[in-house]
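# Secondary and tertiary structure notes
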Amino acid sequence: MRAHMSRRLFTCCATLLTCGATGLATPALAADVWPSQPIKILVGFAAGGGNDIVARILAKELQQSLGQAVVVENKGGAGGLLANEIVAKSPKNGYTLLLGSIGSNTIAPVLAKKLSYDPRKDLEPISLVAESGNALLVNAKLPYTSVKEMIDMARKEPGTINYASSGNGSTLHLAGALLAQQAGVNLVHVPYRGNGPAIADVAAGQVHVIFSGIPPAITSAKTGKTRILAVTTKERVKSLPNVPTVAEAGLPGYAFTSWYGLFTTGGTDPAIVEKLAKEVRKIIARPDVRAQFEAQGLTPETSDPKAFKEQIDRELTRWTRDVKVLGITID
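Here the structure is a predicted model, which means the values were calculated and not measured. (Residues numbered from 1 in each chain as written. Predicted model: local features only at pLDDT ≥ 70, side-chain atom pairs only at ≥ 80, totals over all residues. Heavy atoms only, no water.)

The next thing to look at is helix 12 (residues 305-326). For helix 12, spanning 22 residues, the distance from its first C-alpha to its last is 30 Å, which sits close to the expected 32 Å at 1.5 Å a residue. In the structure, helix 12 departs most strongly from a straight axis at Trp-319, where the bend amounts to approximately 30°. Of all the positions in helix 12, only Pro-305, Phe-308, Gln-311, Ile-312, Glu-315, Leu-316, Trp-319, Asp-322, Val-323 and Leu-326 are classed as buried. Looking at the buried positions of helix 12, the neighbouring elements they touch are helix 4 (102-111), strand 4 (123-139), helix 6 (171-183), strand 9 (257-265) and helix 10 (270-285). At the N-terminal boundary of helix 12, the capping side chain belongs to Asp-304, with an oxygen 3.0 Å from the backbone nitrogen of Lys-306. Note on helix 12: the residue one or two positions beyond its end, Gly-327, has a positive phi of about 70°. (Helix = DSSP H or I, 4+ residues; strand = E, 2+ residues; numbered from the N terminus. Expected span 1.5 Å × (residues − 1). Bend = angle between axes of the 7 residues up to and from the residue. Buried < 20%, exposed > 50% of the residue type's maximum accessible area, 1.4 Å probe, protein only. Contact = heavy atoms within 4.5 Å. Polar contact = N/O pair within 3.5 Å; in protein donor to acceptor, adjacent residues only side chain to side chain.)

The next thing to look at is unusual backbone geometry. Trp-34 connects to Pro-35 through a cis peptide bond whose omega is 5°. With respect to the secondary-structure elements, Pro-35 resides in the loop between helix 1 (2-33) and strand 1 (39-43). The backbone of Ala-78 sits at a positive phi, close to 55°, despite the residue not being glycine. The residue Ala-78 is located in the loop between strand 2 (70-74) and helix 3 (81-88) in this model. The exposure class of Ala-78 is partly exposed, given its relative accessible area of 48%.

Applying the stated criterion to the full structure yields five aromatic pairs. Considering the side-chain rings of Trp-34 and Tyr-95, the 5.7 Å spacing of their centres and the 40° angle between planes classify their relative orientation as tilted. Pair noted here: Trp-34 is in the loop between helix 1 and strand 1 and Tyr-95 is in the loop between helix 3 and strand 3 (96-101), with a separation of 61 residues, a long-range link. In this structure, Trp-34 and Tyr-95 share a single accessibility class: buried. Taken together, the aromatic side chains of Trp-259, Phe-263 and Phe-308 make up a single cluster linked through ring pairs. Over the face of the ring belonging to Trp-319 we find Arg-318, whose NZ or CZ atom lies 4.0 Å from the ring centre. (Phe/Tyr/Trp six-rings, centres within 6.5 Å; stacked < 30°, edge-to-face > 60°. Lys NZ or Arg CZ within 6 Å of the ring centre and 35° of its normal.)

The interhelical angle for the contact between helix 6 and helix 12, taken along N-to-C directions, is 50°, at an axis separation of 10 Å. It follows that helix 6 is oblique to helix 12 by the angle criterion. In this structure, helix 6 meets helix 12 at a crossing whose hand is left-handed. Facing helix 6, whose interface residues are Leu-174, Ala-177, Leu-178 and Gln-181, helix 12 presents Trp-319, Val-325 and Leu-326. (Axes fitted to C-alpha atoms, helices over the stretch in contact; angles between N-to-C directions. Parallel < 35°, antiparallel > 145°, perpendicular 65-115°, else oblique. Left-handed = near helix turned anticlockwise from the far one by under 90°.)

Once that is clear, we can look at the environment of Ile-228. Residue placement: Ile-228 occurs in strand 8 (residues 226-231). In this structure the C-alpha to C-alpha distance between Ile-228 and Ile-218, which are 10 residues apart in sequence, comes to 7.9 Å. Not counting residues up to four positions away in its chain, the partners in contact with Ile-228 are Ala-135, Leu-136, Leu-137, Ala-217, Ile-218, Ala-221, Leu-240 and Val-243.

The next subject is the environment of Ile-283. Locating Ile-283 in the fold gives a position in helix 10. On the accessibility criterion, Ile-283 (3% relative accessible area) is buried. Residues Ile-283 and Val-129, spaced 154 residues apart in sequence, show a C-alpha to C-alpha distance of 9.7 Å. In this structure, Ile-283 is in contact with Leu-58, Glu-61, Leu-62, Ser-65 and Val-289, ignoring residues within four places of it in sequence.

Tracing the sequence through the fold places Asn-51 in helix 2 (residues 50-66). Relative accessible area serves as the criterion here: at 9%, Asn-51 is assigned to the buried category. Beyond its immediate sequence surroundings of up to four residues, Asn-51 is in contact with Val-43, Phe-45, Leu-99, Gly-100, Ser-101 and Tyr-260.

On to the pairing of strand 1, then. Counting buried positions along strand 1 yields four of five residues, so the element is predominantly enclosed. Judged from the five bridges that link them, strand 1 and strand 2 form a sheet pairing that is parallel. Along strand 2, the bridge assignment pairs Ile-41 with Val-72. In this region the chain leaves strand 1, passes through helix 2 and returns to the parallel neighbour strand 2; the handedness of that crossover is right-handed. Strand direction decides the pairing type here: strand 1 and strand 3, joined by four bridges, are parallel. When the sheet's bridge partners are listed, Lys-40 is paired in strand 3 with Thr-96. (Pairing = 2+ DSSP bridges. Right-handed = clockwise from strand over helix to strand, strands pointing away.)

Turning our attention to the side chain of Asn-84. With respect to the helices and strands, Asn-84 occurs in helix 3. Polar contacts involving the side chain of Asn-84 include one to the side chain of Tyr-117, which spans 3.1 Å. Beyond its immediate sequence surroundings of up to four residues, Asn-84 is in contact with Leu-98, Ser-104, Asn-105, Tyr-117 and Leu-123.

Attention now moves to the packing of helix 2 against helix 11 (residues 287-295). Where helix 2 meets helix 11, the axes come as close as 11 Å, and the angle between the chain directions of the two elements is 165°. By the angle class used here, helix 2 and helix 11 are roughly antiparallel. Viewed along their axes, helix 2 and helix 11 form a crossing whose handedness is right-handed. Two secondary-structure elements touch here, helix 2 through Val-54, Ile-57 and Glu-61 and helix 11 through Val-289, Gln-292 and Phe-293. When the residues that make up the contact of helix 2 with helix 11 are grouped by side-chain class, the tally is four nonpolar, one polar and one charged. (Nonpolar A, V, L, I, M, F, W, Y, C, P; charged D, E, K, R; others polar.)

And the structure:
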């Protein structure tokens, strides 16, 4: 009887220890087997914009490195906030990602009168992917061929020049508002649901100019229907060596840059987040991938999840203050 009880006690203890060990190992195990199903990357703007171009380059490479299908879905609306909300409320399993940017993740959230998610807690930063400025793109039939000429015309005829953007509170909106403030001119803002449709209307002459993401601006300018007057970065862009900066072309001191980054749902297993960050770093380190980004006027850049999270926090604090100075609203 005593031997029988000892064996039973041993069996029970072994079972409990096994369960306990399994429970402790669950996060690591989840990361080891992840991904076991397709992944989607949401983009908060229409196809053809900077976010979309970056997402599609990254999706292709992640699909190869992770061995699972990675698809891009465009969910435009509210300056990128619609896609943010979808990802924020998705299951915390790493299968729904977001290709975010400075505009959609640190500017639009502080402009919104009401958010259904917490931008600091409900979206988990994974890594930066690239940094970029904007290109001042104008309809090719317009008479001004430099930033100085455009500013001079805006001063002579206030309110007659309008500029498109990918939405209220977007980086394209902010770039235009910043130029108008520093130049002391009145530019009329026309918001769209994405960079792509906005550029299409600039090319068609429905809108005069746009502070576009550089990748789609390059594509548009090649059609001959638009031309790039300047870039908003402090220094010239490698892929556009003959295009001056805004500061060089007529507005000294002006500079505006932005970034693109990868996020997932807040509360996702840190091991999965780190695994994704590691894959992004490996991908961006490859010369062929870096060349793809640089050809689009982008500077490849990565960061670890902790550093990216701290950056998001700093920028949310900064833009809460700065958008008031520029008088930007999202409505």
